[in-house]
Structure formats: structure tokens, C-alpha cells
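# Commentary on secondary and tertiary structure
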Amino acid sequence: MPVNIEAYHTIRKELDAKKITLVAVSKTKSPEAILELYRAGHRDFGENYVQELKDKAATLPGDIRWHFIGHLQSNKVKFIAPFVQLIHGADSLKLLQEINKQAEKNQRVIDCLLQVHIAEEETKFGFDKNELGEILKELERNPLAHARVVGLMGMASFTPDPTKIRNEFRVLRALFDQQPSFRILSMGMSADYGIAAEEGSTMVRIGSILFGERAGIK
Ligand SMILES: *Cc1c(COP(=O)(O)O)cnc(C)c1O
């Protein structure tokens, strides 16, 4: 399936007007497809498998800003620490500590978002509201100099009910607003980015609208 450049320009214009960053989610898509969007001027791309990200980053242009949007295992942080722009889904202190360690090794500071569990579904990773409060307190007591928490990320329930999605995004935005130092709120995907934008998202992660549906469950 070809990249939908027309949809890209339309969405980009819409989001630029609201100062929302578009992360083009290119997981499972070919380097050629990524290059097509790159040539249209895009630089922020999101991947959710470490090996795939590492392989793509090694061959694609060096000025691409790579976002890791999936569940990241601590033992794999080292593979992306040299270059990753933003880790969206930090979901444990252990992971943040490992990011800190690997970032320091690479003499970098890596920006991270804490993943918050806002959906009803059990399968999604992330902190609940209380755990979020606890981890923020812990980070205040013991700051990590090389893993900088700059905001929150969340995924709404997979549901056709827009009111439910909107309410979940509102919860996330309210948590975001409690931390004056936060500057990135990553919420919204192909199916719900319009609602996310209305509810105060600053960064959306869009795959299928741009690249077409993915095969399988990835
Ligand atoms: C795959 C994925 C997306 C993009 O999903 P689309 O529905 O294709 O836009 C966004 N965020 C995360 C965390 C993903 O894994």
C-alpha cells in the first residue's frame, strides 16, 4: 500500500495550526515507505520494536528523530540509547533507571514520558494515578540526571464510544496539568487523534492513516 501523502499534508496542516507534533508510526513498514514521508518533509517517526528500530535507524537518514512508542524491556535499552529522541512508554522505575544508566554511558540525556493507564482494558501497560504520584515523588527525591521525564503518554480504550475516549483523555490531560515542568502530552492515534487534539494533546502517534493498515496484530 502506498504512503498517503495527501492525508499526511492535510493532517500535518491541521496539527501544525494547533502546535501538535505528529509522530508518524512506521512500525512494520518498509524503509522505502519511511523515506517517502521523509522526502515530503517529515522527521518524527515512531517504532515499537527495538530490533526493527535499530535496523531502520542504521540505514535511514541521520536527521530522523526516532520515537520509541512500545513497551520497552530494560535489557534492550542499550540498543536504542545512542540515538533515540523520546521514549514514550516508561512504565517502571527500573526501566527509568536503566535508561538513565545507558544515557549516561552515551553521554546523553534521554527524554522520557511516563505511560499512564487510562483505558479500561487490562492489557495496556502504564501507571495508575496513585502509582504516578509515587513515582514522581521518588524522582523528586532521587532525580535521574540522564533520563529526563518531560511528560505523559496514554492510550484510550479501543471503543467506538467517543465520549468514553474523550473522558479518558481528559483524565490524562488533568494529570499532565498538575506538573508544571511537563511539556509533552502524547495522546491520540489514527482512530482518536481528533478527540485527543481537542482535549489538549501536544503530540499524536499516527500510523495507519499515513501508511495503510498493518497486517497482523503488531
Ligand atoms: C501502533 C501504535 C500507534 C499507531 O496506531 P494507528 O492506529 O495505526 O495510528 C500509536 N501508538 C502506539 C503506542 C502504537 O503501538
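Rules and cut-offs
Residues numbered from 1 in each chain as written. Predicted model: local features only at pLDDT ≥ 70, side-chain atom pairs only at ≥ 80, totals over all residues. Heavy atoms only, no water. Near = heavy atom within 4 Å. Polar contact = N/O pair within 3.5 Å; in protein donor to acceptor, adjacent residues only side chain to side chain. Areas by Shrake-Rupley, 256 points an atom, 1.4 Å probe, with all protein chains shown as cover. Nonpolar A, V, L, I, M, F, W, Y, C, P; charged D, E, K, R; others polar. Core = buried A, V, L, I, M, F, W, Y, C linked by side-chain atoms within 4.5 Å. Buried < 20%, exposed > 50% of the residue type's maximum accessible area, 1.4 Å probe, protein only. Helix = DSSP H or I, 4+ residues; strand = E, 2+ residues; numbered from the N terminus. Contact = heavy atoms within 4.5 Å. Pairing = 2+ DSSP bridges. Right-handed = clockwise from strand over helix to strand, strands pointing away. Salt bridge = Lys/Arg side-chain N within 4 Å of Asp/Glu carboxyl O.

Okay, the site of the ligand next. The environment of the ligand is made up of 13 residues, and the closest members are Lys27, Ser190, Gly207, Ser208 and Arg214. At 2.7 Å, a side-chain N or O of lysine 27 approaches an oxygen atom of the ligand. In this structure, arginine 205 approaches the ligand through a side-chain N or O atom, which is 2.8 Å from a nitrogen atom. For the ligand, whose unbound accessible area comes to 390 Å², protein coverage reaches 90%. By residue class, the composition of the shell around the ligand is 6 nonpolar, 4 polar and 3 charged.

Let us look at the nonpolar core. Core analysis: the biggest nonpolar cluster contains 61 residues, and Ile87, Leu96, Leu114, Leu132, Leu152 and Leu210 have the highest contact counts within it. The biggest single contributor to this core is helix H7 (residues 162-177), with 5 residues. Apart from residues no more than four positions distant in its own chain, leucine 96 is found in contact with Ala90, Cys112, Leu114, Ile135, Leu139, Leu144, Ala147 and Val149. If you look at the next biggest cluster of nonpolar residues, it comprises 7 residues, including Val23, Leu86, Val150 and Met153.

Attention now moves to the pairing of strand E2 (residues 44-47). One face of the sheet, then the other: side chains in a regular strand alternate in exactly this way. Because side chains alternate across E2, one face comprises the buried residues Asp44 and Gly46, and the other comprises Phe45 and Glu47, equally buried. Both strand E1 (residues 21-25) and E2 contribute to a ladder of 2 bridges, which runs parallel. Across the sheet, residue alanine 24 finds its bridge partner in E2, namely phenylalanine 45. In terms of handedness, the path from E1 via helix H2 (residues 31-39) over to E2 forms a crossover that is right-handed.

The next point concerns the environment of lysine 105. Tracing the backbone shows lysine 105 in helix H5 (residues 93-105). A relative accessible area of 61% means that lysine 105 is categorised as exposed.

Inspection of every chain in the model, using the stated rule, returns 15 salt bridges. Where aspartate 111 meets arginine 183, a salt bridge forms, and the shortest distance between an N and an O atom there is 3.0 Å. In this pair, aspartate 111 is assigned in strand E5 (residues 110-116) and arginine 183 in the loop between H7 and strand E7 (184-186), connecting sequence segments 72 residues apart. The exposure class assigned to arginine 183 is partly exposed, which follows from its relative accessible area of 46%. The network of salt bridges with shared partners includes Arg166, Arg170, Glu198 and Glu199.

Here we come to the environment of histidine 117. Inspection of the secondary structure puts histidine 117 in the loop between E5 and helix H6 (129-141). C-alpha of histidine 117 to C-alpha of phenylalanine 211: the two residues are 94 residues apart in sequence and 27 Å apart in space. One polar contact links the side chain of histidine 117 to the main-chain carbonyl oxygen of alanine 119, over a distance of 2.9 Å.

Quick look at the pairing of strand E8 (residues 203-206) now. Neither face of E8 is open: one carries Met203 and Arg205, the other Val204 and Ile206, and all of them are buried. Two strands pair when backbone bridges link them, and E1 and E8 are joined in this way by 4 bridges, in the parallel orientation. Paired with leucine 22 across the strands is valine 204, a residue of E8.

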